[in-house]
Amino acid sequence: MSASANMRAIRGRLLWFEDDPALAGEDAATRYIEDGCLIVEDGVVRAAGEASDVLRNADDDMPVDDWRPFLVMPGFIDPHLHFPQTQVIGSFAGDLLDWLHTYTFVEEQKYADPAVTEAAARFFLDELLRNGTTTAGVYCSVHRQSVEAFFAEAERRNMRMVAGKVMMDRDAPAALLDTPETSYRDSKALLEKWHGSGRQLYAITPRFAVTSSEAQLEMAGALAAEYPDCHIQTHLSESRREIATVAERFPWSRDYTDVYERYGLVRRKALFGHCIHLSDSERQRLGTAGATVVLCPTSNLFLGSGLFDLAALRATEPAPQIALATDIGGGTSYSMLVTASEAYKVLALGGQKLPALAAFYMMTLGNARGMGLEKQIGSFAVGREADLVVLDPRPTAAMKQRMARVQSLAEELFALMMMGDDRAVAATYVMGEQVYTKPG
Ligand SMILES: [Zn+2]
């Protein structure tokens, strides 16, 4: 291989997935190379394999980042979190609706100020990278300027982000309300400007049915019909009180999912946060539409919303896409490792299991598929964008002590996901460029 100026090698214990270990079997789905090497050119994966093979024909002057004995994986993907909630995370409150009114709706009003949003965007993206997260599905505030600031900062860093302006025209403070018309107009202007600009993608973002009128959901649906390749993101069936409120406000609906169906918002690349209390019929309709349900375990535990039923979703024919997310700031950690460990516990309480390989699949290729981005990110297949995370399985004394006893990759990954957090992230790369290095 003759080296171009934009070429580099990244060597380490390569791990990625080609399929879902829960469905295809762990051996068939998992690619693990003990002494592996990636070749990255112009930000995309050119080769991934045994270091001895990949480096054999490489020019001597090609730079090599040697991370052995650390793991090198595709960057983590967090398909559901809220950009304006970095300063309400960990706030004591009652249930979901209390928490929104007491903290979130107060905080989000500050995002009318571009100085606030610009500083928050820098913090937010720094924090994602510190946790090894390279792509996210992001709710901005209702203010256009919050979306502008977010996308501008993401584009400056060349990070692949999916984000949108929250649409909300009732049941919130007046300063946070738009109207059906302004929410349509503002969303469309932002979409036209940012969707497909560099690596940025727009998500049509009605917050949830509680805070949108029928007229607003209709406008959201009109926009979705005009832009069939755009993402849609909202919340569905998170808490019992929320579900009761939706039933009251949309008396014609047969269930919560029906409200979004009515307005054409249930389809491929539509991401529904939480989906805890779904009926069999709702699961089946979400699956038939090719929609994605997003498990947000730290948020569900923190707000006491309920326990996600992965087995019921997987047993649905056809099954919806299933993704795993932090839901900052109802969620309590930016770390996808912590999120996976809490997912394990949520499922354990329901008598279900989440093996380590299935969890690491979810954080990478599974979430890429859930976002309809598996052709761009989530694996080391040739041609994928080279976003990656370097993981140190022994960052603390307790983890070093534990790891001395592991005898297989699956055991090591399980201990890493149960005990690990941002301290396990040694480095993060975006499009082949190292953009975060753990200090010290
Ligand atoms: Zn959320």
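Residues numbered from 1 in each chain as written. Predicted model: local features only at pLDDT ≥ 70, side-chain atom pairs only at ≥ 80, totals over all residues. Heavy atoms only, no water.

*Asks:* Got a sec to walk through the pattern of salt bridges? Specific residues and values, please.
*Replies:* With the rule as written, the count across this model stands at 34 salt bridges. A salt bridge links D98 to R241, with the shortest nitrogen-to-oxygen separation between them at 3.5 Å. You can see D98 sitting in helix α4 (residues 96-108) and its partner R241 sitting in helix α9 (residues 240-249), a full 143 residues away along the chain. Judged by relative accessible area, D98 falls into the partly exposed class, the value being 32%. Of the residues examined, R241 reaches a relative accessible area of 42% and is grouped as partly exposed. Several salt bridges converge on common partners, so that one network encompasses R254, D255, D258, E261 and R285. (Salt bridge = Lys/Arg side-chain N within 4 Å of Asp/Glu carboxyl O. Helix = DSSP H or I, 4+ residues; strand = E, 2+ residues; numbered from the N terminus. Buried < 20%, exposed > 50% of the residue type's maximum accessible area, 1.4 Å probe, protein only.)

*Asks:* Give me the lowdown on helix α5 (residues 114-130), citing residues and values where you can.
*Replies:* Within an α-helix, residues lying three or four positions from one another point in the same direction, as the helix has 3.6 residues per turn. In a regular helix each residue adds 1.5 Å, so 17 residues correspond to 24 Å; α5 covers 24 Å between its end C-alpha atoms and thus fits that length. The set of residues buried in α5 consists of T117, A120, A121, F124, L125, E127, L128 and L129. Next to the buried residues of α5 lie β5 (76-82), β6 (133-139), α6 (144-156), β7 (161-164), β15 (425-430) and β16 (433-437). Between a side-chain oxygen at the N-terminus of α5 and the backbone nitrogen of A115 the separation is 2.9 Å; the capping residue is D113. Remark: G132 follows α5 within two positions and exhibits a positive phi of approximately 80 degrees. (Expected span 1.5 Å × (residues − 1). Contact = heavy atoms within 4.5 Å. Polar contact = N/O pair within 3.5 Å; in protein donor to acceptor, adjacent residues only side chain to side chain.)

*Asks:* Help me get a handle on the environment of L373, residues and values and all.
*Replies:* Within the fold, L373 resides in the loop between α15 (356-370) and β14 (388-391). Once the C-alpha coordinates of L373 and R160 are considered, the two residues, 213 residues apart in sequence, prove to be 9.9 Å apart. Leaving out residues up to four positions away in the same chain, L373 has contacts with T135, R160, V162, L201, H231 and A368.

*Asks:* So what's going on with the layout of surface pockets? Which residues, and what values?
*Replies:* Put simply, the largest pocket is a space of about 260 Å³. Together, D20, L23, R314, A319, P320, Q321, I322, Y361, M362, G366 and R369 line the largest pocket. Counting residues per element, the ones that place at least two in the lining of the largest pocket are β13 (321-324) and α15. A total of 4 residues in the lining of the largest pocket trace back to one element, the largest contributor, which is α15. Its residues assigned to classes, the lining of the largest pocket comprises 6 nonpolar, 2 polar and 3 charged. (1 Å grid on protein atoms, 1.4 Å probe; cavity = no way out; pocket = protein on both sides within 12 Å on 5 of 7 lines; lining within 4 Å. Points joined across faces, edges and corners; volume = space filled by probe spheres on them. Nonpolar A, V, L, I, M, F, W, Y, C, P; charged D, E, K, R; others polar.)

*Asks:* Which residues make up the packing of α6 against helix α7 (residues 180-194), and what values go with them?
*Replies:* Two elements in contact, α6 and α7, have axes separated by 11 Å at closest approach and are oriented at 15 degrees. On the basis of the axis angle, α6 is roughly parallel to α7. As α6 packs across α7, the resulting crossing turns out to be right-handed. In this structure, α6 uses R144, V147, E148, F151, A152 and E155 to contact α7, whose residues at the interface are D186, A189, L190, K193 and W194. For the contact of α6 with α7, the class distribution of residues is 6 nonpolar, no polar and 5 charged. (Axes fitted to C-alpha atoms, helices over the stretch in contact; angles between N-to-C directions. Parallel < 35°, antiparallel > 145°, perpendicular 65-115°, else oblique. Left-handed = near helix turned anticlockwise from the far one by under 90°.)

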